[in-house]
Amino acid sequence: MFDYNFHWRPVLKNLPDLLAAGLTTLQVAVLAMIIGVIVGLGLALIRLHMRGPLRWFASAWVELARNTPALFQLFFFGFGLGALGVHMTPYAIVLSALSFNCAGYLAENFRGGFQAIPDTQIRAARSLGMTAWQTYTRIIIPQVFRIVYHPLTNQMVWAVLISSLGMLVGFRELSGETQALASRTYRIFEYFAVTAVIYYLIVKIILGASRLLAARLFRY
Amino acid sequence: MIEIRGLEKFYGSLQVLKGIDLDVPKGEVLSIVGASGSGKSTLLYCINALEAIQAGSVIVDGIDVHARGTDINALRQKLGMVFQQWNSFPHLTTLQNVALAPQIVKGKSRAESREIAARQLEHVGLGDKFDVYPSALSGGQQQRLAIARALAMEPEYMLFDEATSALDPELVGEVLDTMRLLAEEGMTMICVTHEMSFARDVSDRVAFFHQGVIEEIDTASEIFGSPKSEHLQKFLSKIR
């Protein structure tokens, strides 16, 4: 065990490639979060306000996204749809699976957020003559956003970390790129150690940015 | 003028308003008193259609509030409302709380809305609190903020739903003073209240609610001086 010789040079030589792949990871996670927030908000509103098939659809989405392994969801969008004749690029597979997963989790966060706003806020806004739309966009959503802000940050971190599963469908994000480079040089440990540091830094940057933004956004 | 005819309201099979007839002319201050659960607050919510009704009608300045096709958002601008739980918007500063509706509902410019808001906040004695958030205000201050917010829409009627019931005793006075001020300025007001001194001193008329009906309505001096119905006599004897 102790006669292993570390060789960091190949890793350092490939560091620009790893950092570029780190940006790909960040990009796919950010896009998945944007889609996840929009779709998750829609799913939450459907589950709160509608009945019938649309509501069943939204509930099924949330149940599947939250109660099955993220890996299986990824495989479904990759190999499952592939078997049905729908072929996507690895990037598209990872983006759709991540978005699906994020939307499911965020839908529940949003639902909790909406339920935390007392009805009396709606009454107060409507009594001033605001329309339902104005009430939602100016009074309810801003308050919900604050309630879900920290869960949203968590989800963003989660999206970065589980995007690493993308390597299993051939996506060259940070983990996929590391795997490819490591298998060429057999410096597996060194590559993944450096990659772990890059993941750590990405997450720290997200958390720091989130904290700065929160201080600016929430003065109350 | 607000005209209420044969108003009935059910929650499921429970009837909370059992045929209310009431006229409130411009300039009048009407207090509504009665035990909790007698339907007082529900009546207010039926006037600005925050609650639907099952029979009868509410006419405000000739417009049927509950008719299909009535622009209720336009009508609500005439009917300012102040709630028991003040309901300030926690994510907006005091000034923004008041300026929001003039800007987005009435379509006034940002500058003009802020001007209106500043004027109304000074009106209720919050002239030094423009940029603080409601969480930094006392209950009494938040309730005055709610009054300013309603006034900023330049309503012709003000509906007060137990505006002082949720306040600590020492904060009740400042809100009642603000309501008195409005009454003196000639605002038409319907006040559901448990403050008998306010009802007696400020209102032109007082309505006594009992189990979903107006059991007695008269001038304040008649209601408090020579109550006729047995229930009203009992009610007054309990709170004295």
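Anything mentioned here points back to the structure above.
Caption draft 1: Representation of the nonpolar core within the structure. One finds Ile 47, Val 82, Ala 148, Leu 159, Phe 160, Met 179 and Met 189 of chain B to be the most contacted residues of the largest nonpolar core, which totals 78 residues. A total of 6 residues in this core trace back to one element, the largest contributor, which is helix H5 (residues 139–151) of chain B. When sequence neighbours within four positions are dropped, the list of residues in contact with Leu 159 of chain B reads Leu 44, Ile 47, Asn 48, Leu 79, Gly 80, Met 81 and Ile 190 of chain B. Membership of the second largest hydrophobic core comes to 37 residues, among which are Ala 97, Cys 102, Leu 106 and Ile 162 of chain A.

Caption draft 2: Structural detail: helix H7 (residues 132–162) of chain A. Residues and elements named next belong to chain A. Between its first and last C-alpha atoms H7 spans 38 Å; for 31 residues at 1.5 Å apiece the expected length is 45 Å, and the helix comes up short by more than 12%. If you look at H7, its biggest bend is around 50 degrees, right at Tyr 149, and the proline Pro 151 turns up within four residues after that. Among the residues of H7, Ile 139, Val 144, Val 148, Leu 152, Gln 155, Met 156, Ala 159, Val 160 and Ile 162 are the ones counted as buried. Summarising the contacts, the buried residues of H7 are in contact with helix H2 (15–49), helix H4 (70–83), helix H5 (90–116), helix H6 (119–127) and helix H9 (188–217).

Caption draft 3: Quick peek at the sheet that holds strand S5 (residues 63–64) of chain B. Residue and element names in this part refer to chain B. Pairing is antiparallel in the open sheet, where 4 strands are placed in the order S2-S1-S4-S5. Here the strands that pair on one side only, and so sit at the sheet edges, are strand S2 (14–24) and S5. Bridge count for strand S1 (residues 2–11) against strand S4 (residues 55–60) is 5 bridges, and the pairing is antiparallel. Across the sheet, residue Ile 4 finds its bridge partner in S4, namely Val 58.

Caption draft 4: Main features of the pairing of S1 of chain B. Residues and elements named next belong to chain B. The pairing of S1 with S2 spans 8 bridges and is antiparallel. Counted as the bridge partner of Glu 3 is Asp 23 from S2. In textbook terms, the turn of a hairpin is the stretch between consecutive antiparallel strands, and for S1 and S2 this stretch comprises 2 residues, one of which, Gly 12, has a positive phi near 65 degrees.

Caption draft 5: Spotlight on the pairing of strand S6 (residues 79–82) of chain B. Residues and elements named next belong to chain B. Here S6 shows a buried face lined by Leu 79 and Met 81 and a second buried face lined by Gly 80 and Val 82. Bridge count between S6 and strand S7 (residues 157–161): 4 bridges; the pairing is parallel. Within the sheet, the bridge partner assigned to Gly 80 lies in S7 and is Met 158.

Cut-offs and rules
- Residues numbered from 1 in each chain as written.
- Chains lettered and ligands numbered in written order.
- Predicted model: local features only at pLDDT ≥ 70, side-chain atom pairs only at ≥ 80, totals over all residues.
- Core = buried A, V, L, I, M, F, W, Y, C linked by C-beta atoms within 7 Å.
- Buried ≥ 20, exposed ≤ 12 C-beta atoms within 10 Å, placed from the backbone.
- Helix = DSSP H or I, 4+ residues; strand = E, 2+ residues; numbered from the N terminus.
- Contact = placed C-beta atoms within 7 Å.
- Expected span 1.5 Å × (residues − 1).
- Bend = angle between axes of the 7 residues up to and from the residue.
- Pairing = 2+ DSSP bridges.

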